[in-house]
Amino acid sequence: MKLLRLRFGVSERRACKVTGQPRSTQRQVPKPKENIDAEIIELLRKFALTNPRQGYRKAYRAVLEAGYQVNLKKVHRLWREAGLKVPFRKRKNKRARHGVAMGAHHPIDANVTWAMDFQFDATQDGKVLKLLNIIDEYSREYLTTLVDRSIDAEGVISALDGIVAEHGVPAYVRMDNGPEFISNALERWAKEMGVTLYFIDPGSPWQNGKCESFNSRLRDELLNGELFTSVTEAQLLTNKYRHDYNQTRAHSSLGYLSPHEFLALDVTTQRMVLTRSSKHRGFYAENYFRSEAA
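Residues numbered from 1 in each chain as written. Predicted model: local features only at pLDDT ≥ 70, side-chain atom pairs only at ≥ 80, totals over all residues. Heavy atoms only, no water.

## Considering the confidence of the model for the protein chain
Per-residue pLDDT for the protein chain has a mean of 83; in total, 84% of the residues score no lower than 70. Mean pLDDT across the elements of the protein chain bottoms out in helix H12 (residues 278-293) (43) and peaks in strand S2 (residues 128-136) (95). Contacts from residues 95-104, a stretch scored under 50 in pLDDT, to residues over four places away or in other chains number 17 contacts. Low pLDDT, under 50, characterises residues 277-294; the stretch is placed with 33 contacts to residues that sit more than four places away or in other chains. (pLDDT = per-residue confidence, 0-100. Helix = DSSP H or I, 4+ residues; strand = E, 2+ residues; numbered from the N terminus. Contact = heavy atoms within 4.5 Å.)

## Concerning the pattern of salt bridges
Per the stated rule, a full pass over the model turns up 12 salt bridges. Here the salt bridges share partners, and the residues they tie into one network are Arg 61, Glu 65 and Glu 261. (Salt bridge = Lys/Arg side-chain N within 4 Å of Asp/Glu carboxyl O.)

## Some words on the layout of surface pockets
Quantified by volume, the second largest pocket comes out at close to 560 Å³. Secondary structure elements with two or more residues in the lining of the second largest pocket: helix H3 (33-50), helix H4 (56-65), helix H8 (209-221) and helix H9 (231-247). Counting residues per element, the lining of the second largest pocket draws most heavily on H9, which supplies 5 residues. (1 Å grid on protein atoms, 1.4 Å probe; cavity = no way out; pocket = protein on both sides within 12 Å on 5 of 7 lines; lining within 4 Å. Points joined across faces, edges and corners; volume = space filled by probe spheres on them.)

## Describing the sheet that holds strand S4 (residues 172-175)
Within the open sheet, the 5 strands sit side by side as S3-S2-S1-S4-S5. Their pairing is mixed. With partners counted over all chains shown, the strands left at the sheet margins are strand S3 (142-148) and strand S5 (196-199), one partner each. On average, each strand axis in the sheet is tilted by 25° relative to the strand beside it, whichever way the strands run. (Pairing = 2+ DSSP bridges. Axes fitted to C-alpha atoms, helices over the stretch in contact; angles between N-to-C directions.)

## Structural notes on the pairing of S3
Among the 7 residues of S3, 5 are classified as buried, and the element is accordingly described as predominantly covered. The pairing of S2 with S3 spans 6 bridges and is antiparallel. By the bridge assignment for S3, Leu 131 is matched with Val 147. (Buried < 20%, exposed > 50% of the residue type's maximum accessible area, 1.4 Å probe, protein only.)

## A word on the environment of Trp 114
In this structure, Trp 114 sits in strand S1 (residues 113-122). Residue classification places Trp 114 among the buried residues on the basis of a relative accessible area of 0%. In this structure, the C-alpha to C-alpha distance between Trp 114 and Ile 135, residues 21 residues apart in sequence, is 5.6 Å. Engagement of the side chain of Trp 114 in a polar contact is seen with the side chain of Asn 111, the distance being 3.0 Å. (Polar contact = N/O pair within 3.5 Å; in protein donor to acceptor, adjacent residues only side chain to side chain.)

Structure, rendered in structure tokens:
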């Protein structure tokens, strides 16, 4: 194009019109391939630094959102070239299972079944921290975490009231048989609200599997990496983690969407995502983000 302009003394507009070439092709100089790979590697390193417990599949989402048109296999190759990997975590031995599984009760919409459970940690001075985690089983949305030195039934009710004020009343709440959950106060609250309390069998945590899985993520990605100096700091950091978990963290069970992105889809698409097999979820996420970018 530059040669045509110099030889015939015409403008860029005229030269592009004669050759049938868009003028936009003269505005952007394509980047060398090796520079693009270097940029993606740098992006992957930043992602691994801020999300040390998330692997290349979750990083792939960040690469797509940054505007790079690459596939999952290339991101995996660059991830390995950069020497990145999720630190090894020792797996616990599987326990023998007893009792009746309650998996037949699967919610088919958001705000139908909540699940809650307690977790324990400690502050820098060695004092106990007690965490009450509550999630939505359908959307995997992280509804709240109450952090305190001790939490009784009234604390559980207060946390539930806060979520009800924002999301409405659920149909079911799934939990274990802890003393805070089997209290008369919580039973009265459930009757007043029209909520069914769904207790798992004693000693059967797998019947509350989605909340147990969330507890594992929270332990792995936040609690094991932070040394809290106070209850206030622990509450602030868990609130920050909750925001990132709901807004930006990719979930393989949701087609590598965040809970809020998943809830923004229509119901038909939500069902399609949930029923897809795990081997197709990466493909769906890739095409979903590309269609959004288009």
